[in-house]
Amino acid sequence: MDTPAAAAVVTPAVYGASDRPPRGDYSRGGAVHADYTCPQDWASYTPADHETYKRLYERQAAQLPGLACDAFIKALPSLGVKDRIPRFEEINERLHRATGWEIVAVPGLIPELPFFTLLANRKFPVTDWIRKPEEFNYIVEPDVFHDLFGHVPMLFDPVFADYVQRYGQGGIKAHELGAGEKLARLYWYTVEFGLIRQTDGLRAYGAGILSSVGELQHAVRSGEPHRLPLDLLRAMRTRYKIDTYQANYFVIENFAQLFEFTAPDFTPLYQALEVLPDIPPGVLLPGESGKA
Ligand code: PHE
Ligand code: FE
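These numbers were taken from a predicted model, which means no experiment stands behind them.

Caption draft 1: How the structure looks around the packing of aromatic side chains. Within the structure shown, the criterion is met by 19 aromatic pairs. Arranged with centres 6.2 Å apart and planes meeting at 45 degrees, the rings of Tyr 53 and Tyr 57 form a pair that is tilted. You can see Tyr 53 and its partner Tyr 57 sitting in helix α2 (residues 47–62), 4 residues apart, about one turn around the helix. Judged by relative accessible area, Tyr 57 falls into the buried class, the value being 4%.

What follows is the structure, given as structure tokens:
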């Protein structure tokens, strides 16, 4: 835990990233630990950084009703301050009490095994830097706004929180079986871009949707994307885009379903996936309506 992550500087493989090298500073004068966590560099935020967070928060909070799921809306106030970037310790007091999770700071995207390992230990990695004003509307890499606002409220939901831990445990196993990339698609289509059916209609629970100014409407209301009932094999066969809105979303009925779906051993699924072709984003298979 206290060894500087020398390897971190040279490891290009990052989780859910593009071809570009990740943009965070992975050395920080030795402040980054071997598990990729580091202290939140709160002192280095400028007044402009806090202002960016405040404006992002206000704009996003205003469009949640009717689009974000109930669990998210209920937990959002637990993030605490809205007019500056919160200190992670402040949130952790409440989060740990609620579900036993804690957030840990990281310098940016991290490789898959350390990522899975943190999740398996109920630690959620949160990037500490914030986007520049010119990236206000769109940023490809996760920053502190995406990670905090998008992900952390959902970790206050006990069933969803258990799912994310189980995902981390499953991820370690998938990594050993060489199936990390396939399992990453399940993360993408649930934790990042998942939709849930409430009695009052479809809502978003995925952080990539909830932290995006444009994608909330697109994902939940637009007639453009396909919406499919979550099927593990289908989701893990489906490639995804990281630089545009998603062309398809997967819908769950409740968080217990997500937890139950992922209880069985995935080894046979990974074997099946080895011989099944990938499905490009936005493509429907015979018999699919795309209107879940
Ligand atoms: N149950 C899966 C396995 O045995 C792991 C898993 C858990 C995958 C949660 C996704 C989410 O491999
Ligand atoms: Fe994310």
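Next comes the rest of the write-up.
Caption draft 2: Seen up close, the packing of α2 against helix α6 (residues 144–151). Contact geometry for α2 and α6: axes closest at 11 Å, N-to-C directions at 35 degrees. Where α2 crosses over α6, the two elements pack in a sense that is right-handed. Contact residues: Tyr 53, Leu 56, Tyr 57, Gln 60 and Ala 61 in α2; Phe 145, Leu 148 and Phe 149 in α6. Here the residues of the contact of α2 with α6 sort into 7 nonpolar, 1 polar and no charged.

Caption draft 3: Local environment of the site of ligand 1. Near ligand 1 you find Tyr 163, Arg 166, Tyr 167, Gly 170, Lys 173, Leu 183, Leu 186, Thr 262, Ala 263, Pro 264, Asp 265 and Phe 266, and these make up its full shell. Interatomic distance of 2.7 Å between a backbone N/O atom of Pro 264 and a nitrogen atom of ligand 1. Within the backbone of Phe 266, one N or O atom sits 3.3 Å away from an oxygen atom of ligand 1. For ligand 1, whose accessible area on its own is 320 Å², the fraction buried by protein is 94%. Taken together, the elements giving at least two residues each to the shell around ligand 1 come down to α7 (158–176) and α8 (180–192). The greatest single-element share of the shell around ligand 1, amounting to 5 residues, is contributed by α7.

Rules behind the numbers
- Residues numbered from 1 in each chain as written.
- Chains lettered and ligands numbered in written order.
- Predicted model: local features only at pLDDT ≥ 70, side-chain atom pairs only at ≥ 80, totals over all residues.
- Heavy atoms only, no water.
- Phe/Tyr/Trp six-rings, centres within 6.5 Å; stacked < 30°, edge-to-face > 60°.
- Helix = DSSP H or I, 4+ residues; strand = E, 2+ residues; numbered from the N terminus.
- Buried < 20%, exposed > 50% of the residue type's maximum accessible area, 1.4 Å probe, protein only.
- Axes fitted to C-alpha atoms, helices over the stretch in contact; angles between N-to-C directions.
- Left-handed = near helix turned anticlockwise from the far one by under 90°.
- Contact = heavy atoms within 4.5 Å.
- Nonpolar A, V, L, I, M, F, W, Y, C, P; charged D, E, K, R; others polar.
- Near = heavy atom within 4 Å.
- Polar contact = N/O pair within 3.5 Å; in protein donor to acceptor, adjacent residues only side chain to side chain.
- Areas by Shrake-Rupley, 256 points an atom, 1.4 Å probe, with all protein chains shown as cover.

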